[in-house]
Amino acid sequence: MWTSPLYRWRPDAAPPRPKPDRPASAAPDERIEVAAADGYPIRGGIWHADAGPVVVIHAATAVQARYYARFAAWLSGQGATVLTFDYRGIGESRSVPVKDLRAGWVDWGVLDAEAVLAHAGRRWPDRSLCAVGHLIGGFALGLARSAARLDRIVTVGAQFAYWRDYDPRRRRAMLLRWHLFMPAVTRLFGYFPGARLGWLEDVPRGLVRDWSRMGPRFETSVRSTLEPADLAARHGATRARLLAIGLTDDPFCTEAAGQRLLGYYSGADRTHLRIAPSELAVPGIGHFAFFHARFAQTLWPLAAAWLLSGRLPEKAPGRIVFPAG
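These numbers come from a predicted model, not from an experiment. (Residues numbered from 1 in each chain as written. Predicted model: local features only at pLDDT ≥ 70, side-chain atom pairs only at ≥ 80, totals over all residues. Heavy atoms only, no water.)

Engineer: What should I look at first to understand the overall build of the protein in this one?
Structural biologist: Looking only at helices and strands, the protein has 10 helices and 13 strands in total. Burial status across the protein gives 59% buried among its 325 residues. If the 42 positive side-chain charges of the protein are averaged to one point and the 29 negative ones to another, these points end up 4 Å apart. (Helix = DSSP H or I, 4+ residues; strand = E, 2+ residues; numbered from the N terminus. Buried < 20%, exposed > 50% of the residue type's maximum accessible area, 1.4 Å probe, protein only. Lys, Arg positive; Asp, Glu negative; His and termini not counted. Charge placed at Lys NZ, Arg CZ, Asp CG, Glu CD.)

The following block contains the structure:
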């Protein structure tokens, strides 16, 4: 039996010149496996570029890294080396049955995100290190010690599921689904069988506990052996230029939710951009669609411009929220 620093885990139970675009469905150039501090294997892929920044993509809850493959391949074509990875218990990093994991959001940031960011920093020590964080990924990456090395960050829909920040029009249904039904099912199975229910991936019970009991402060809501003050301070060590993109039809990442998350990145140079689907002449974008290939000509260049140069393109859609965090 292995003992994690956070939970017990049972192994048994001016931008560079872009290179030519590659097919949107291109597989990674390289597969990687890195060990987290507790020895758990974290697996992912790399799309290489000869120069430019190194960008690590941090996935949303219960979303496999392959979901971001088209975006990663495209971003590599713009001149960045891009890494994706699965958190423990998800996709290629599912080494043991999910019911044998007690991992939660803290583990995904402090252990898993840290392992990949540290690996990237060691492998490319002379290149700019950047990150993309989708949904909880935008918070988890800030829990990694190596996030202090980041130069630029783009988050999309990033928040940590405090229910009072949900869209008021959908808050009651979301509260019932994610904060009552999900933990009830988890108690029955010992994990949340999301794949069986058609709710993305199976997730460990520790994560369900974190989500369902989330309050206005992350560090006092989660269960961890780390002190709340330590967790709260980690984001503040990040000095990156941070662009937080929120979609106005995302019921999770409302303006209040986005501002709450940005409050943690107190040391960063923060820009909060809110985009309405009508500005792109589309009926909806929502919680997940930013990374769909149909937005390769409209939304993806916003992220690329920030990651490559630290600036938004001229005439970028959206409204800047002040103050950002």
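Engineer: Help me out: how do you make sense of helix α4 (residues 171-189) in this one?
Structural biologist: Side chains of residues three or four places apart in an α-helix project in the same direction, reflecting 3.6 residues per turn. Taking 1.5 Å of rise per residue, the 19 residues of α4 would be expected to cover 27 Å, and the 26 Å separating its terminal C-alpha atoms lies within 8% of that figure. Where α4 bends most, the angle comes to about 35°, and this point is Phe181, followed within four residues by the proline Pro183. Among all positions of α4, only Met174, Trp178, His179, Met182, Pro183, Val185 and Thr186 are buried. Tucked into the core, α4 has its buried residues touching β9 (191-192) and α6 (205-212). Of the residues flanking the end of α4, it is Gly190, one or two places downstream, whose phi is positive at about 85°. (Expected span 1.5 Å × (residues − 1). Bend = angle between axes of the 7 residues up to and from the residue. Contact = heavy atoms within 4.5 Å.)

Engineer: Just checking my understanding: could you explain the pairing of strand β7 (residues 129-134) for this structure?
Structural biologist: Here is the key point about a regular strand: its side chains alternate between the two faces of the sheet. Within β7, six of the six residues are buried, leaving the element largely enclosed by the surrounding structure. Looking at chain direction, strand β5 (residues 54-58) and β7 are connected through five bridges and run parallel. Looking at the pairing, Ile57 lines up with Val132 of β7. In this sheet, strand β8 (residues 152-156) lies alongside β7 in parallel orientation, the contact comprising five bridges. Bridging across to β8, Gly133 finds its partner in Thr155. (Pairing = 2+ DSSP bridges.)

Engineer: Please explain the sheet that holds β5 as it appears in this structure.
Structural biologist: Strands belonging to one sheet form pairs held by backbone hydrogen bonds; the direction of such a pair is parallel or antiparallel. One open sheet holds the nine strands; their spatial order is β3-β4-β6-β5-β7-β8-β11-β12-β13, and the pairing between them is mixed. If you trace the sheet from one side to the other, it starts and ends with β3 (30-35) and β13 (319-321), each paired once. Looking at each pair of strands side by side, their axes are set apart by 25° on average, direction ignored. (Axes fitted to C-alpha atoms, helices over the stretch in contact; angles between N-to-C directions.)

Engineer: Help me out: how do you make sense of the pattern of salt bridges in this one?
Structural biologist: As a working rule, side chains carrying opposite charge can pair if their charged atoms are close by. Under the criterion given, the structure shown has 14 salt bridges. Arg169 is paired through a salt bridge with Asp167; the nearest N and O atoms lie 2.8 Å apart. We classify Arg169 as exposed; its relative accessible area is 72%. For Glu219, the salt bridge identified is with Arg217, shortest N-O distance 2.9 Å. Residue classification places Glu219 among the buried residues on the basis of a relative accessible area of 9%. On the basis of relative accessible area, Arg217 is assigned to the partly exposed category, the value being 38%. Within this structure, Asp38, Arg88 and Asp112 form a network of salt bridges that share partners. (Salt bridge = Lys/Arg side-chain N within 4 Å of Asp/Glu carboxyl O.)

Engineer: Sorry, what's going on with the environment of Ala229 here?
Structural biologist: With respect to the secondary-structure elements, Ala229 resides in helix α8 (residues 228-236). Looking at Ala229, the relative accessible area reads 60%, which means it is exposed. Along the chain, Ala229 and Trp108 lie 121 residues apart, while their C-alpha atoms are 18 Å from each other.

Engineer: Any chance you could explain unusual backbone geometry here in plain terms?
Structural biologist: Backbone phi values are negative for most residues with the exception of glycine, while trans is the configuration of most peptide bonds. That bond from Phe322 to Pro323 is cis: its omega, -15°, falls within 30 degrees of zero. Unlike most non-glycine residues, Ala62 shows phi in positive territory, near 60°. With respect to the helices and strands, the residue Ala62 is situated in the loop between β5 and α1 (69-77). Taking relative accessible area as the criterion, Ala62 reaches 8% and is therefore assigned buried. Of note in the backbone geometry, Leu135 takes a positive phi value of approximately 55° without being a glycine. By the secondary structure assignment, Leu135 is in the loop between β7 and α3 (137-140).

Engineer: I'm lost on a positive patch on the surface in this one. Help?
Structural biologist: On the surface, a cluster of positive charge is contributed by Arg102, Arg187, Arg205, Arg213 and Arg223. Here Arg102 lies in the loop between β6 (81-85) and α2 (105-123). (Patch = residues over 30% accessible without salt bridge, like charges linked within 9 Å, V, L, I, M, F, W, Y side chains within 5 Å. Areas by Shrake-Rupley, 256 points an atom, 1.4 Å probe, with all protein chains shown as cover.)

Engineer: Sorry if this is basic, but what is going on with the packing of α1 against helix α10 (residues 300-309) here?
Structural biologist: Two measures define how a pair of helices packs: the angle their axes make with one another and the distance between the axes. Packing of α1 against α10 leaves a shortest axis separation of 11 Å and a crossing angle of 50°. Judged by the inter-axis angle, α1 sits oblique to α10. Note on packing geometry: the crossing formed by α1 with α10 is right-handed. Here Arg70, Phe71, Trp74 and Leu75 of α1 lie close against α10, whose contacting residues are Trp300, Pro301, Ala303, Ala304 and Leu307. Residue composition of the contact of α1 with α10, by class: eight nonpolar, no polar and one charged. (Parallel < 35°, antiparallel > 145°, perpendicular 65-115°, else oblique. Left-handed = near helix turned anticlockwise from the far one by under 90°. Nonpolar A, V, L, I, M, F, W, Y, C, P; charged D, E, K, R; others polar.)

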